[in-house]
Amino acid sequence: MTVQKEPETILELKGITKLFPGVRALDSVHFDLKKGEIHSLMGENGAGKSTLIKVISGVHHPDAGHIILDGKERVFRGTKEARDAGIATIYQHVTSYPHLSVAENIFTGHELVKNGIIQWKEMYRRSDELLHELGADFKSTDEIEALSVAQQQMVEIAKALALDSRIIIMDEPTAALTKQESEQLYLITERLRDKGTSVIFISHRFEDMYRLASRVTVFRDAKYIGTYRVDEISKRDLIKAMVGRETSEMFPKIELERGEEALRVENLSLTGYFHDVSFNVHRGEILGVTGLVGARRTEVMECVFGARLPSSGTIYVKGEAVQIRHPQDAMDHGIGLLTEDRQYQGLILDWTIGSNITLPIISELGNGILTNERAERSKAKTLAEKLNVKAQSIFDKAKSLSGGNQQKVVVAKLLASDLDVIILDEPTKGVDVGAKAQIYEIISQLAGQGYAIVMVSSEMPEILGMSDRIMVMCEGRVSGFLTPDATQEDILHLAMTKDTEGEE
Amino acid sequence: MKKNNVLKTLASSREISLLMVMLLIVAIITWRNPIFLTLKNISDMLTNYSTTMILALGMMLVLLIGGIDISIGATIALSGMFSALIMRDNQGVPVVVAFLMSIGVGLICGLLIGLVIVKGKVPPIIATLGFMNIYRGLTYLMARNQWVPAYQIPTAYKQFATGRYLTFGVLNNMITVMLLCYILFFFFLKYTKTGRRIYATGSNVEAAQFSGIDTDRIKFFAYGTMGLLSGLVGALWVSIYASAQGDMAMGIEMDVIASCVIGGVSLSGGRGSVTGVFLGALIMAILGNALPLVGISQFWQDGLKGLIILVAIILNVLTQRSIIANNLRRRQA
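Residues numbered from 1 in each chain as written. Chains lettered and ligands numbered in written order. Predicted model: local features only at pLDDT ≥ 70, side-chain atom pairs only at ≥ 80, totals over all residues. Heavy atoms only, no water.

### Focus: the overall build of chain A
So, step 1. When helices and strands are counted, chain A shows 18 helices and 22 strands.
So, step 2. Taking 504 residues into account, the globule formula puts the C-alpha radius of gyration at 23 Å, and chain A, at 25 Å, falls close to it.
So, step 3. With the C-alpha coordinates of chain A rotated into their principal frame, the extents come out at 70 × 55 × 55 Å.
So, step 4. For chain A, buried positions account for 53% of its 504 residues.
So, step 5. Of all intrachain contacts in chain A linking residues separated by at least 6 positions in sequence, the fraction that spans at least 24 positions is 65%.
So, step 6. As displayed, chain A offers around 23200 Å² of accessible surface, 48% of which is attributable to carbon and sulfur atoms.
So, step 7. Taking the average location of the 59 positive side-chain charges in chain A and that of its 75 negative ones, the two points are 6 Å from each other. (Helix = DSSP H or I, 4+ residues; strand = E, 2+ residues; numbered from the N terminus. Rg over C-alpha atoms; globule rule 2.2 N^0.38 Å. Buried < 20%, exposed > 50% of the residue type's maximum accessible area, 1.4 Å probe, protein only. Contact = heavy atoms within 4.5 Å. Areas by Shrake-Rupley, 256 points an atom, 1.4 Å probe, with all protein chains shown as cover. Lys, Arg positive; Asp, Glu negative; His and termini not counted. Charge placed at Lys NZ, Arg CZ, Asp CG, Glu CD.)

Laid out in structure tokens, this is it:
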């Protein structure tokens with residue numbers, strides 16, 4: 001047949017520079033997007049991806065450079081102008097109206113009106129059409145609050161479609177999705193592409209990129225590094241482009257002598273969640289806990305930490321049975337938990353780094369009535385330095401830190417108390433490649449210092465690379481233990497092994 | 001199956017749970033004193049509380065965008081006093097003109113508040129606390145700390161509050177104005193762009209800005225409308241009490257906010273309906289009207305009123321929680 005014609009370029013950015021007070025967020029970067037292309041944008045946190053999409057979508061105004069849309073230079077003075085030009089953005093944090101209906105979320109800003117009167121019927125009808133097109137299983141009259149994150153994202157896509165957008169920007173759309181939900185998003189995205197819509201896809205997950213994109217553009221430190229064809233670049237080279245260094249040392253595992261038993265859990269059950277979970281962890285050991293979504297790993301750890309009350313079972317700390325009815329009990333017995341939802345459960349974002357770190361030990365440092373600020377400061381400083389938190393000082397606010405650094409502050413906060421066992425729930429979730437390596441290093445160090453570590457994670461490479469032993473769970477039961485020389489297939493096999501007859 | 005669905009809808013609607021609370025209160029009151037449920041008493045009650053009910057609409061707008069306005073009592077006094085003074089000095093001023101003047105003063109008051117909150121980025125409670133004192137002080141200054149007694153107010157004006165001519169003899173004028181406001185707001189909030197954008201702004205400011213909504217203008221609009229309604233109520237107040245005093249409508253903001261909260265308006269913005277506010281304000285009116293009727297001592301009335309407000313709100317919160325729980329369950333399914 002004929003040689004396939006190279007599709008036309010729909011959007012081109014040349015030499016875009018964006019300055020914020022004290023920061024060069026984008027430094028003369030390039031980007032181009034073809035019609036009907038899925039183009040992945042990658043880079044570590046703070047590389048400038050989000051700033052770039054904000055420039056494209058008219059939120060920020062570039063200080064230098066050109067935006068060329070359909071061969072014509074354009075200047076967007078606001079989000080509305082970009083939107084009218086056919087550019088829609090699905091932001092990282094879903095920007096929906098939680099109290100309003102799906103239809104309203106789709107049409108807010110461009111409501112369907114006749115003589116100034118909102119045409120509800122028409123809006124519901126059009127919305128249902130769009131939802132149907134996307135294969136959604138909910139109605140336009142549903143309230144957004146009642147939807148799952150994946151469904152909310154679908155609403156955002158429907159919103160983009162309602163605007164007849166030719167360019168859809170998706171900022172980390174899969175970050176909060178399960179595998180299954182991600183797959184559904186992939187299908188939708190591919191369908192959009194086949195219809196000629198161009199998609200800019202931002203994600204930390206390599207699998208997203210390999211699955212979807214035909215080209216990938218990499219940013220690093222606000223600079224343009226390069227654009228590659230996805231089928232022509234290896235993961236290794238890509239990581240190198242993103243991080244600027246080799247990451248063969250990704251898992252800095254140190255072989256350690258296993259110490260005495262620090263924590264033993266026997267026949268722990270929580271009705272409706274999990275049954276007869278037993279495991280132990282020794283000092284200097286990293287126990288990896290993995291499983292598929294719904295394996296109830298988090299619930300088990302919350303019971304161990306006293307955030308939930310188990311219906312039966314015994315917890316032994318250093319060989320002695322203990323009663324843990326409240327997180328404070330767990331802390332008193334030397335058990336600390338790093339929650340999955342760091343921002344909400346782990347940190348007070350408006351407080352300084354230092355105050356966050358010393359919050360759990362304020363009363364210990366003080367004399368019972370007054371707090372001891374000097375001791376707090378020096379303790380916080382030591383811990384922040386120990387974990388290499390990147391900030392001007394411990395007086396910076398926690399919210400000014402990147403995700404990886406916030407993670408470190410949460411770990412520092414844990415270390416401030418006197419602990420033996422540290423439970424980490426998805427420690428690298430939503431963290432970029434570079435910060436991941438640092439977190440692995442911290443975990444290794446902690447094990448080296450004699451802490452017993454329980455690391456819950458869905459990422460198999462991380463589980464295999466870091467753990468001394470691996471516990472696999474499946475739908476509320478422990479389905480087996482593995483050694484780190486196991487393969488991903490072994491884990492998957494156990495993770496899908498159920499002893500009861502399930503339906504799926 | 002169908003019956004089950006109806007029950008579910010009943011349990012999952014805040015408005016219906018409110019209605020049931022109201023019916024319960026009405027039932028108890030009627031049992032204690034049947035006079036309550038007479039046409040005359042209900043008409044009197046609505047006439048007297050039409051002011052609070054109208055204000056609840058404005059407050060709802062302000063709460064919807066995540067703000068609050070505690071200066072409305074002072075705005076009422078200032079605008080009411082302004083038109084009363086004009087009428088005292090010019091007996092021939094037509095009723096409509098007097099109303100328009102009061103509304104105008106209220107509107108200006110509201111816009112000023114909006115300006116300080118939106119442009120000055122002052123927290124609403126602080127800004128309106130300031131204006132509450134400023135407007136109240138202005139009222140006393142303007143009137144030279146005197147009041148405008150009944151004989152100085154034109155008869156036609158005083159008759160507005162007792163007349164029924166707006167509906168050609170069917171309803172009291174005050175009630176008519178109040179109902180008109182509710183119909184207008186119901187339509188405005190449901191069927192106009194601006195109305196829906198108020199909800200959008202309150203639900204998620206950032207998202208609203210990304211959708212190209214001028215959220216500053218929306219906020220300005222809300223405070224302006226609150227001022228306008230306060231001006232209207234200022235005019236009504238002078239008419240119904242047939243006098244204008246410097247300390248009139250003092251403390252009314254609390255009843256108004258309570259009406260909204262009972263009606264299910266979220267103090268953090270984004271949630272609330274005209275129907276809910278109507279029921280909430282009606283419950284406040286019933287409490288105010290009926291507690292003296294059932295022979296509860298003056299001293300107990302306030303406490304009891306507070307208690308009933310709390311119970312109504314707790315029930316409301318529980319309903320809301322069951323709605324959220326339902327949603328979560330559906331999400332899991």
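### Focus: the interface of chain B and chain A
So, step 1. The partner chain A presents 29 residues to the 24 residues of chain B that form the contact.
So, step 2. Between chain B and chain A, roughly 2300 Å² of surface is buried when both sides are summed, and carbon and sulfur atoms account for 52% of that area.
So, step 3. For the pair chain B and chain A, the number of links is 12 residue pairs in polar contact (both at pLDDT 80 or more).
So, step 4. Secondary structure elements with two or more residues in the side of chain B that touches chain A: α8 (173-191), α9 (193-203), α10 (205-210) and α14 (298-332) of chain B.
So, step 5. Here the side of chain B that touches chain A is built from residues that sort into eight nonpolar, nine polar and seven charged. (Buried area = accessible area lost by both parts, 1.4 Å probe. Polar contact = N/O pair within 3.5 Å; in protein donor to acceptor, adjacent residues only side chain to side chain. Nonpolar A, V, L, I, M, F, W, Y, C, P; charged D, E, K, R; others polar.)

### Quick look at the sheet that holds strand β18 (residues 335-338) of chain A
Residue and element names in this part refer to chain A.
So, step 1. The sheet built from six strands is open, its strands ordered β18-β19-β20-β15-β21-β22 with mixed pairing. A strand with exactly one partner marks an edge of an open sheet, and here the two such strands are β18 and β22 (477-482). Put simply, the sheet's adjacent strands are angled 20° from each other on average, direction ignored.
So, step 2. By the bridge criterion, five bridges tie strand β15 (residues 286-291) to strand β21 (residues 469-474) in an arrangement that is parallel. Residue threonine 290 lies in a different strand from β21, and its bridge partner there is valine 472.
So, step 3. Seen against the sheet, helix α16 (residues 433-448) touches β15, β19 (421-425) and β20 (452-456) and runs at an angle of roughly 150° to β20. (Pairing = 2+ DSSP bridges. Axes fitted to C-alpha atoms, helices over the stretch in contact; angles between N-to-C directions.)

### Quick word on the pairing of strand β9 (residues 167-171) of chain A
All names here are of chain A.
So, step 1. Counted residue by residue, β9 has five buried out of five residues, so it is predominantly covered.
So, step 2. Summarising the sheet, strand β6 (residues 87-90) and β9 pair through four bridges and their orientation is parallel. Paired with isoleucine 90 across the strands is methionine 170, a residue of β9.
So, step 3. The pairing of β9 with strand β10 (residues 198-202) spans five bridges and is parallel. Residue pairing across strands places isoleucine 168 opposite valine 199, the latter belonging to β10.

### Re the domain arrangement of chain A
So, step 1. Domain annotation for chain A reports domain 1 (9-243), domain 2 (259-334 + 420-504) and domain 3 (344-418).
So, step 2. Each of domain 1 of chain A and domain 2 of chain A has a C-alpha centre, and these two points are 36 Å apart. (Domains from an automatic or database assignment.)

### Regarding helix α6 (residues 124-142) of chain B
All names here are of chain B.
So, step 1. A rise of 1.5 Å per residue sets the reference length of α6, with its 19 residues, at 27 Å; its end C-alpha atoms lie 26 Å apart and thus fit the reference within 8%.
So, step 2. At its buried positions, α6 is contacted by α4 (72-89) and α5 (95-118).
So, step 3. Once α6 finishes, arginine 144 follows within two positions and takes phi at roughly 50°, a positive value. (Expected span 1.5 Å × (residues − 1).)

### Details of the pairing of β10(A)
All names here are of chain A.
So, step 1. With respect to burial, β10 is a largely interior element, five of its five residues being buried.
So, step 2. As defined by bridge partners, strand β3 (residues 38-42) adjoins β10 across four bridges and the pair is classed as parallel. Looking at β10, one finds that leucine 41 is bridged to isoleucine 202.

### Points about the packing of aromatic side chains
So, step 1. All chains considered together, the criterion is met by 11 aromatic pairs over all chains.
So, step 2. Centre to centre, the rings of Phe99(B) and Tyr157(B) are 5.6 Å apart; their planes meet at 45°, and the pair counts as tilted. With Phe99(B) in helix α5 and Tyr157(B) in helix α7 (residues 155-160), this residue pair connects regions lying 58 residues apart in the sequence. Each member of the pair, Phe99(B) as well as Tyr157(B), carries the same accessibility label: buried.
So, step 3. Measuring from centroid to centroid gives 5.2 Å for Trp237(B) and Tyr241(B), while their planes differ by 40°, and the two rings are tilted. One end of the pair, Trp237(B), and the other, Tyr241(B), are both in helix α11 (residues 215-241), four residues apart, so they sit about a helical turn from each other.
So, step 4. Joined through ring pairs, the aromatic side chains of Phe99(B), Tyr157(B), Phe160(B) and Tyr165(B) make up one cluster.
So, step 5. Arg308(A) extends its terminal NZ or CZ atom over the ring of Tyr273(A), reaching a point 5.0 Å from the ring centre. (Phe/Tyr/Trp six-rings, centres within 6.5 Å; stacked < 30°, edge-to-face > 60°. Lys NZ or Arg CZ within 6 Å of the ring centre and 35° of its normal.)

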